[in-house]
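Now for the letters of each chain:
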Amino acid sequence: MTPRPNPPAKKPKSSKAKAKAADKAADKAKVTGKAADKAKVTPAVEEVRADIQADAQAEADVQAEVVQAEAGVRAEAVEPAPMEPAPVVPVPAQEPVQEVRSLAVLDRADRERLLGGAHHDPHAVLGAHPVQDGVVFRVLRPYALAVTVVAEGLRAELHDDGDGFFSAVLPLREVPEYRLTVEYEGTVQDVEDAYRFLPTLGDFDLHLFGEGRHEQLWTILGAEPMEHQGVPGTRFSVWAPNARGVRISGSFNFWDGTAFPMRSLGSSGVWELFAPGVREGELYKFEITRPDGTKTMRADPMARRTELPPATSSVIHASRHEWQDEEWMARRADRPAHQAPFSVYELHLASWRPGLTYRQLAEQLPVYISDLGFTHVELMPVAEHPFGGSWGYQVTGFYAPTARLGTPDDFKYLVDALHRAGIGVIMDWVPAHFPRDEWALAEFDGRPLYEHEDPLRAAHPDWGTLEFDYGRREVRNFLVANAVYWCEEFHIDGLRVDAVASMLYLDYSREAGQWTPNVHGGRENLDAVAFLQEMNATVYRREPGVVTIAEESTAWDGVTRATHHIGPGGFGGLGFGLKWNMGWMHDSLDYVSHEPVHRKYHHHEMTFSMVYAYSENYVLPISHDEVVHGKRSLVSKLPGDWWQQRATHRAYLGFMWAHPGKQLLFMGQEFAQGAEWSEAHGPDWWLLDPSYGAEADHRGVRDLVRDLNGVYRRVPALWELDTDPAGFGWVAGDAAEDNVFAFLRFGADGVPLLAVSNFSPVVRHEYRLGVPDDVPAWHEVLNTDAGRYGGGGVSNADPVKPDDQAWHGRPASIRVTLPPLSTLWLRPA
């Protein structure tokens, strides 16, 4: 491009004329509002006046005008810059300068790619860079009227190149530290130039991510408020290897990302930009140019905070919470979960007390759980999800607690309060799938990225969602780091992993022809197996005291076996700490749902669990899944009149708490709620209102749950040897005609507890049971038929002494009265 001819030099004005012009320009600026900040206008005028009074070098002024016209700028520096070939000499800000063509010509391809959001290296074009004739400054600021570079001893207005580009070549030997003054219609902004900063991410971080081994991935990806090169702002970074370009759009730039293109950090697929001056609380998304040139606006997969649904933007977040749970964190690793008391209250936070925030829940939930004696709460997924009716199981914000109840710090406050009350926190975690929302993870950068590239492998057949590609290192890293994130950043004590079976099998819910065997010709998803092993090994290594729990509904071998122990199937264990015993849950619920007269034909359903009880470390779950969608609440599954339903409900809970394994009960079942759970209104708390006629019936069941937990915590026989066959012994496992089950539990010290359940609606007097001969007497420590629970009050009030009559294969026996539809616990007197 041929430069426009330089304007002729003007005859220099006198010092008096200059001062007069400066005063006139200053007054005009005040009136018209062309300068937004008076403080920025007045010093400039005073500098001009001082310069004029000190040394009115007319010839130097003329030379400065000529030199700067050739450079295409207007200089306003107080002192001349000592640069060659000619010094930069000040010209009054109000001195009119003829427009000249800039010498900083931008390549047409670069220009189009920047404007089109498809430039992989905007820092190579924008910002300040040394060139042969000095330093070229180039800025992309759509809608700006003027852009001025400000540095020590220098103030230079850039040439307007059109389409929001401003540039100039200044005769400088090196790139100075500079700022920009950007004039818009009605305002002037003094800002840092985002394109003068070095990358915020190092090669080692990117290497770890490329290897799939960055265990604190949230520290390098996402939006992180920080100070970089001495300047506050926010570092944005996102993994989008298929993108042609990525820009940041947000509330801080009026959702126009044109001026915020990100740079690609090579083969890592990560795009990065430090945006100076952008602070926490701002909304943002990534504007991604797909391989085909189309654009998509995406929420940040690593966002730590989100907008309140149905809004979908990510929010820049910096935590301010100060933890107060040091005592809990210091001792939570003292005893492994499978050898400790572990009774869990499962709840859906949004509907437990509808309308409460995280902080309001922190005032009520710890008190309620402490009163009932549960050791842990299990929270249905709290990670952000667009549809409340999914209960959190279709996640779009894997690193963000749902905004429905408050901020991430508010959620930390709740966890903190539970810990200070001595209650552990388990969170449901969903790495099996994600929804197809077009603003979230699905085809994130225009091609399958988080999902498998094979559509048959990607599509989840049951839920209309997409399955993760566990074989891709970066995806596996995203999920493993996410598990660590919740434990480290939110002090979560356990992760219950949802839908593990759907991850493990290639043919899960698929017909023949809809799936492809693995390299060995089998149905096992080898990538998912490797992911689960890595996740468990990483969490247990990094987070002592944390337990992982698998919701796995098949007979997969070694779910809770160590990852380095190879099983009969040739696989190492998955490495979970505990596994939901779905078989026990289905069998036992089927048994109690039958009329008592028919239960003898289903007796094996209550005993079969002991055939495999020690194959894994089990949790016995009566979860939300069993009390929704037409399955009815627990008490409503049971036959008979209202008294028989409640009695069977109590007897079942007594049997469950005594059975080997940990206990889990969903909210509402602790007081025999009759209706199915609905996320729309939560538990029927009105059943516990004293003005309600049947309040005593429901309160009695809740009192039983409190006592079950109380005795459970105090008696090691009920939990210490849960995973050891030495901790259990049948007394009467074949009394089908009587609907009776009796067994012994033992602690590590050998002290037993005798549990007896009578699932028939008749009293059984003088019922003989075999017992050890080294216990002189037995006494009731719990009776689910007690009057205070709403029962009939049939009991064994006095200690029961054994006689030497052998029974049930044991050297001694006792005779006890069994109340109808009841469970008794007896201990050595």
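Keep in mind that what you see is a predicted model, and the values were worked out from it rather than measured.

(A) Representation of the side chain of Asp722. In this fold, Asp722 is placed in the loop between α17 (695-714) and β28 (728-735). Only 3.0 Å separates the side chain of Asp722 from the backbone nitrogen of Gly661, close enough to count as a polar contact. What Asp722 contacts, discounting residues up to four positions off in sequence, is His338, Tyr614, Pro660, Gly661, Lys662 and Arg745.

(B) Just the nonpolar core, in detail. In terms of nonpolar packing, the biggest core is built from 177 residues, with Phe236, Leu349, Phe411 and Trp486 touching the most fellow members. The leading source of residues in this core is helix α11 (residues 473-490), at 11 residues.

(C) Just the environment of Glu605, in detail. In this structure, Glu605 sits in helix α15 (residues 604-607). Judged by its relative accessible area of 13%, Glu605 falls in the buried class. For the pair Glu605 and Leu589, spaced 16 residues apart in sequence, the C-alpha separation works out to 9.0 Å. Residue contacts for Glu605: discarding those within four places in its chain leaves Asp587, Ser588, Asp590 and Tyr591. Reaching out from Glu605, the side chain makes a polar contact with the backbone nitrogen of Tyr591 at a distance of 3.3 Å.

(D) Broad picture of the packing of aromatic side chains. Tallying each qualifying case throughout the model produces 50 aromatic pairs. Seen from their ring centres, Phe411 and Phe490 are 5.6 Å apart, and the 50° between their planes marks the pair as tilted. Taken together, the positions of Phe411 in helix α9 (residues 408-420) and Phe490 in helix α11 put the pair 79 residues apart, joining distant regions of the chain. Phe490 shares its class with Phe411; the two are buried. Measuring from centroid to centroid gives 5.4 Å for Phe671 and Trp685, while their planes differ by 40°, and the two rings are tilted. Of this pair, Phe671 sits in the loop between β27 (662-666) and α17 while Trp685 is found in the loop between β27 and α17, placing the two residues 14 residues apart along the sequence. Pair check on accessibility: Phe671 and Trp685 agree, each one buried. The ring of Trp685 is capped by Arg353, whose NZ or CZ atom sits 4.1 Å from the centre of that ring. One residue, Lys412, lies across the ring of Phe490, its end atom 5.2 Å from the ring centre.

(E) How the structure looks around unusual backbone geometry. For the bond from Pro309 to Pro310, the omega torsion is 15°, close enough to zero to count as cis. With respect to the secondary-structure elements, Pro310 resides in the loop between β16 (295-298) and β17 (314-315). Of note, Glu443 is a non-glycine position whose phi angle comes to about 40°, a positive value. Looking at where Glu443 falls in the secondary structure, it is placed in the loop between β22 (424-429) and α10 (455-458). The partly exposed category is assigned to Glu443, whose relative accessible area is 41%.

(F) How the structure looks around the pairing of strand β18 (residues 343-347). Of all 5 residues in β18, 5 are buried; the element is thus mostly enclosed. Residues Ser343, Tyr345 and Leu347 of β18 are buried on one face, and the alternating residues Val344 and Glu346, pointing to the opposite face, are buried as well. Pairing between β18 and β27: 4 bridges, direction parallel. Along β27, the bridge assignment pairs Tyr345 with Leu665.

(G) Just the packing of helix α8 (residues 358-372) against α9, in detail. Their axes nearest at 8 Å, the elements α8 and α9 cross at an angle of 10°. On the basis of the axis angle, α8 is roughly parallel to α9. Facing Tyr358, Arg359, Leu361, Ala362, Glu363, Leu365 and Pro366 of α8, the residues of α9 in contact are Asp409, Asp410, Phe411, Tyr413, Leu414, Ala417 and Leu418. Of the residues belonging to the contact of α8 with α9, the class tally is 10 nonpolar, no polar and 4 charged.

(H) Structural detail: the pairing of strand β29 (residues 740-746). With respect to burial, β29 is a largely interior element, 7 of its 7 residues being buried. Across the two faces of β29 the burial is the same, with Val740, Ala742, Leu744 and Phe746 and Phe741, Phe743 and Arg745 all buried. Bridge count for β28 against β29 is 5 bridges, and the pairing is antiparallel. Note on β29: the bridge partner recorded for Phe728 is Arg745. The turn linking β28 back onto β29 is made up of 4 residues, and Asn739 within it adopts a positive phi angle of 60°.

Procedures and definitions
Residues numbered from 1 in each chain as written. Predicted model: local features only at pLDDT ≥ 70, side-chain atom pairs only at ≥ 80, totals over all residues. Heavy atoms only, no water. Helix = DSSP H or I, 4+ residues; strand = E, 2+ residues; numbered from the N terminus. Polar contact = N/O pair within 3.5 Å; in protein donor to acceptor, adjacent residues only side chain to side chain. Contact = heavy atoms within 4.5 Å. Core = buried A, V, L, I, M, F, W, Y, C linked by side-chain atoms within 4.5 Å. Buried < 20%, exposed > 50% of the residue type's maximum accessible area, 1.4 Å probe, protein only. Phe/Tyr/Trp six-rings, centres within 6.5 Å; stacked < 30°, edge-to-face > 60°. Lys NZ or Arg CZ within 6 Å of the ring centre and 35° of its normal. Pairing = 2+ DSSP bridges. Axes fitted to C-alpha atoms, helices over the stretch in contact; angles between N-to-C directions. Parallel < 35°, antiparallel > 145°, perpendicular 65-115°, else oblique. Nonpolar A, V, L, I, M, F, W, Y, C, P; charged D, E, K, R; others polar.

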